[in-house]
Amino acid sequence: MTGVLTIAGYGLREAVRRKVFVVVCLLSLGFVALYWVGNRYVFRHVGDINPPSGVDARTFAGAFLFGMAMFGTLFLGVVLAVFLTLGVVRGDAERGLLQPLVVRPIGRATVLGARFLGAAAVCVPYVLALYFATMAVTGAEGSWWPDRIVTPALELSGGVLVVSALSLLGSVFLSAIANGIAIFMVFGAGLVAGLLGNIGHVLNSHGLVHAAKIAAWALPFEALYEDALRAITANTSGLTGFLLRLGPFGGAEQGGVGLRLWSVGYLVVVGAVALAGFSRRDL
Amino acid sequence: MPAALAVSGLTKRYGVVDALRGVALEVEPGELVGLLGPNGAGKSTLVKIACGLVRPSSGRAEVCGSPAGSREARAALGYLAEFFRFPGWTSAEELLVLHQRLAGSTGGERERSELLELVGLVDARNRRVEEMSKGMQQRLGIAQALVGTPRLLLLDEPTSALDPVGRRTVRTLLEELRRRGVSVLLNSHLLSEIEHVCDRVVILLGGEVVTAGTPAELASPRGVEIETDRGTEVYPAANRDDVPRLVDELVRDGRRIYGAHVLTSTLEEVYVEAVGGETQ
C-alpha cells in the first residue's frame with residue numbers, strides 16, 4: 001500500500017509542479033463563467049417563448065443546457081484523464097523514466113494500479129466539482145434542478161474512469177502520441193454511436209438503435225453518459241421528456257444497475273489485460 | 001552465501017535477432033566484474049534481465065539466490081540504466097526520498113546525505129534535475145542506485161556523460177563499494193576504467209561470452225624489453241624467466257643496462273583480439 005500511495009503521490013506532485021492543475025482550474029473557471037453567461041441570457045428570455053402545447057420551456061431549457069454542461073464536463077474530464085495516463089508505460093519507458101521505478105521491489109502491478117488511482121484522484125473530484133458547479137449555475141439562474149442529482153454525477157465520474165483505464169491499457173502497447181490519438185478516436189466513436197442511437201430513436205430504426213446499444217456497452221463511458229443524461233430528466237414526462245430524449249443532450253438509453261455492474265466488471269477486465277500486457281513487456 | 005549474480009544458459013531472442021546465446025556468468029559477493037563488448041553484443045540485455053526489466057527466452061538468472069525479476073531479487077539490487085531520465089521537476093533530495101520509499105529503505109536523512117556526499121552532490125541537494133548538467137544527473141543516478149544499500153549494483157555505462165574528474169569520482173566510489181562488500185557488474189566502453197577497478201572482466205560478442213578472467217589472466221606475455229646504452233632491445237619470444245640470462249649476455253657483450261621490462265598485452269589489445277576488430 002505504501003508503494004501505491006508513493007507512486008500516486010508522485011503523479012499528483014508532478015501534475016502540481018507542471019502546473020497542470022493551475023491550467024485546468026483556470027480553463028474550467030472560464031468554462032463555468034461562459035456557461036453562467038449562457039444561462040443568464042437563456043433564462044432571461046425563456047418567458048418570452050411560446051413553446052408548442054405540452055412543452056415546458058423552462059424545464060426544456062434547463063435540462064438541455066445542463067445536458068450540454070454534462071457533455072462539457074465529460075469531455076474535460078476525459079482530456080484530463082487521457083493526458084495524465086497516455087504515456088504511463090510505453091511513453092515513460094521510451095523516455096527512460098519508468099525503468100528506475102519498476103526495478104524497485106514494489107513491482108509492476110503497483111506502478112500500474114497507483115497511476116490509475118492517481119488519475120482517479122484527480123479526475124473524479126474534478127468531474128464532481130464541475131458537475132455540481134454547473135448544476136448550481138442552472139439552478140440559480142433558471143430555478144431548474146435535475147430529477148436525480150447524485151447518480152448522474154457518479155456516472156459521469158465512472159465514464160471518465162473507464163476512459164482512464166482504456167488509456168492506461170493503451171499506454172502498455174502504444175507510444176504516447178499513438179495512444180492519445182487512439183483514445184480520443186475511441187471516445188469520439190462512442191459519442192457518435194450515442195448520437196446515432198438518438199437518431200435511430202427518432203427514425204424508429206431498430207438496426208441503428210441496436211448498433212448504438214452494442215457500441216455504448218462495448219464502450220461503457222458512452223452508456224454511463226447516456227444513463228446520466230437520462231437520469232437528470234428521469235421524472236420529466238410528456239412531450240417535454242420525449243423531446244429531451246431525442247438529444248443531442250438527452251439520454252435515449254437507460255442503463256440502470258446492470259450498466260453500473262457491467263462498468264465495474266469492464267474496469268476489472270481492462271485492468272487485468274493491462275497488467276498482463278505490462279508484466280510481459282520488455283522494458 | 002549464494003553468488004550476487006548467477007546466470008547460466010541465458011538466451012534472449014528479439015524477433016529474429018539473438019541478443020544472448022547461452023551466456024553463463026557469476027558475480028561473487030564483493031566482486032567487481034566488468035562487462036565489455038561492442039554495440040549489440042548483448043551487454044545491456046544481460047543487465048536488464050538481471051534486474052527484471054527484460055524476460056529471458058530461456059536459461060536461468062538469479063540475484064542473491066532469488067530468480068531475477070522477483071521481489072526478493074529486486075530488493076537486493078541497485079540499477080542505473082544506460083538511458084535513464086529523472087523527472088525534471090524533482091530535486092535531488094526528493095528523488096532520493098522517492099526511491100527510499102520504493103526500496104523500503106529506513107536510512108532517512110542520514111542515508112541521503114551520505115549518498116549525496118559520496119557522489120559529490122551535497123551542494124545540489126535542493127536543485128531540480130532539469131537544472132543539473134548531464135554529468136550531475138548521472139552522479140545522481142548512481143546515488144539513486146545505491147539507495148537501500150543494495151548487495152548487487154548493476155551499472156550500465158555509468159560514466160558515459162562524465163568528465164575525467166567525474167570518472168575518477170566514480171572509480172573511487174567503486175573501490176569504496178568493493179571495500180564495503182557490494183558486488184558490482186559494470187558495463188562500460190571505457191577499457192581503462194574496467195582495467196583499473198575490476199576484479200574480473202567478461203567480454204561478450206554476438207550474445208556469447210568470448211573471454212573472461214582477471215585482468216592479469218587475460219594479459220598474455222609479449223616478450224621482454226631491455227634498455228641499453230646502445231638503445232632498446234626487444235626479445236618477443238622471451239619471458240620473465242629469461243631476463244637474468246639476457247641481461248648477463250648483454251653485460252658480457254660490453255653493454256650498459258638501464259632497465260628491463262616484461263611486456264604483457266593491455267586490456268585494449270585483449271579486447272580487440274577477442275572481438276576480432278568489431279567496432280564499438
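The rules behind each value
Residues numbered from 1 in each chain as written. Chains lettered and ligands numbered in written order. Predicted model: local features only at pLDDT ≥ 70, side-chain atom pairs only at ≥ 80, totals over all residues. Domains from an automatic or database assignment. Buried ≥ 20, exposed ≤ 12 C-beta atoms within 10 Å, placed from the backbone. Helix = DSSP H or I, 4+ residues; strand = E, 2+ residues; numbered from the N terminus. Pairing = 2+ DSSP bridges. Axes fitted to C-alpha atoms, helices over the stretch in contact; angles between N-to-C directions. Core = buried A, V, L, I, M, F, W, Y, C linked by C-beta atoms within 7 Å. Contact = placed C-beta atoms within 7 Å.

Q: Whenever I open this one, the domain arrangement of chain B confuses me. Can you help?
A: When the parts come together, some accessible area is lost, and that loss is often what is quoted as the size of the interface. Assigned domains of chain B: these are domain 1 (5-215) and domain 2 (221-264). The C-alpha-based centres of domain 1 of chain B and domain 2 of chain B are spaced at 44 Å.

Q: How do you make sense of the pairing of strand β9 (residues 200-205) of chain B when you look at a structure like this?
A: Walk down a regular strand and you will see the side chains alternate between the two sheet faces. All names here are of chain B. The buried count for β9 comes to five of six residues, which makes it a mostly enclosed element. Here strand β3 (residues 32-36) runs beside β9; their pairing, made up of four bridges, is parallel. Counted as the bridge partner of Val33 is Arg200 from β9. Judged from the five bridges that link them, β9 and strand β10 (residues 208-213) form a sheet pairing that is antiparallel. Within β10, the position partnered with Val202 by the bridge is Ala212.

Q: Hey, could you run me through the sheet that holds strand β13 (residues 257-264) of chain B in this one?
A: Within a beta sheet, neighbouring strands are joined by backbone hydrogen bonds and run either parallel or antiparallel to one another. Residues and elements named next belong to chain B. Spatial strand order, β12-β11-β13: three strands in an open sheet with antiparallel pairing. Two strands bound the open sheet, and with one partner strand each, they are β12 (231-235) and β13. On average, adjacent strands in this sheet sit at an angle of 20° to one another, irrespective of strand direction. Across five bridges, strand β11 (residues 221-228) lies against β12 in antiparallel orientation. Bridging from a neighbouring strand, Glu225 pairs with Val234 of β12.

Q: Explanation requested: unusual backbone geometry in the structure shown.
A: For residues that are not glycine, phi is negative in most cases, and the peptide bond is trans in most cases. We note that A:Ser143 has phi near 55°; this positive angle belongs to a residue other than glycine. Structurally, A:Ser143 is set in the loop between α6 (108-142) and α7 (150-173). One non-glycine residue with positive phi stands out, namely B:Cys64, at about 50°. Looking at where B:Cys64 falls in the secondary structure, it is placed in the loop between β4 (58-63) and β5 (66-67).

Q: Is there a simple way to think about the sheet that holds β9(B) in this case?
A: Residue and element names in this part refer to chain B. Read from one edge of the open sheet, six strands run β6-β7-β8-β3-β9-β10, paired in mixed fashion. Whereas interior strands pair on both sides, the edge strands pair on one side only; in this sheet they are β6 (77-80) and β10. Averaged over all neighbouring strand pairs, the angle between strand axes comes to 15°, with direction disregarded. Relative to strand β8 (residues 183-187), strand β7 (residues 152-156) runs parallel, the two being bridged by five bridges. Its bridge partner lying in β8, Leu153 is registered against Val184.

Q: Where do I start with the nonpolar core in this structure?
A: Side chains that are nonpolar tend, in soluble globular proteins, to be buried together. Counting 152 residues, the largest nonpolar core has A:Val163, B:Ala50, B:Leu152 and B:Leu154 as its most contacted members. Among the elements that make up this core, the one with the highest residue count is α6(A) (14 residues). If sequence neighbours within four positions are ignored, B:Leu154 has contacts with B:Val47, B:Ala50, B:Cys51, B:Leu77, B:Tyr79 and B:Leu185.

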